[in-house]
Amino acid sequence: MYVQHTPEAPPTAPAPTSVGHEPTTVERGSFCIARCACGWSGPARRSRDRARADASEHRASP
């Protein structure tokens, strides 16, 4: 016997979590670059910690 299921509700778009910057780090060979969706990018760094610090500084900026 076939059991009829109720249709699922269409997924809703997630609400934006924050309006600020959300930078990430990108690996390019032996370098790491901090980038943000706003178009900002930091200098290429060999130190991943320094690239993360660049991203943190950008996140804190207005």
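Residues numbered from 1 in each chain as written. Predicted model: local features only at pLDDT ≥ 70, side-chain atom pairs only at ≥ 80, totals over all residues. Heavy atoms only, no water.

Chemist: Give me the side chain of D54: which residues, what numbers.
Modeler: Within the secondary structure, D54 sits in helix α1 (residues 48-60). Looking at D54, the relative accessible area reads 6%, which means it is buried. Residue contacts for D54: discarding those within four places in its chain leaves A34, W40, P43 and R45. (Helix = DSSP H or I, 4+ residues; strand = E, 2+ residues; numbered from the N terminus. Buried < 20%, exposed > 50% of the residue type's maximum accessible area, 1.4 Å probe, protein only. Contact = heavy atoms within 4.5 Å.)

Chemist: Got a sec to walk through the pattern of salt bridges? Specific residues and values, please.
Modeler: Per the stated rule, a full pass over the model turns up five salt bridges. Residue D49 is joined to R52 by a salt bridge in which the shortest nitrogen-to-oxygen separation is 2.5 Å. Linking D49 with R52, this pair stays in helix α1, spanning three residues, or about one helical turn. We note a salt bridge from R50 to E57, for which the minimum N-O separation is 3.5 Å. E57 gets classed as partly exposed once you look at its relative accessible area, which sits at 47%. Sharing partners across several salt bridges, the network here consists of R45, R50, D54 and E57. (Salt bridge = Lys/Arg side-chain N within 4 Å of Asp/Glu carboxyl O.)

Chemist: How would you explain the environment of G42 if you had to name every residue and give the values?
Modeler: Among the structural elements, G42 can be located in the loop between β2 (31-35) and α1. Distance from G42 to A55, taken between C-alpha atoms, is 7.6 Å for residues 13 residues apart in sequence. Sequence-distant contacts of G42, defined by excluding residues within four places in its chain, comprise I33 and A34.

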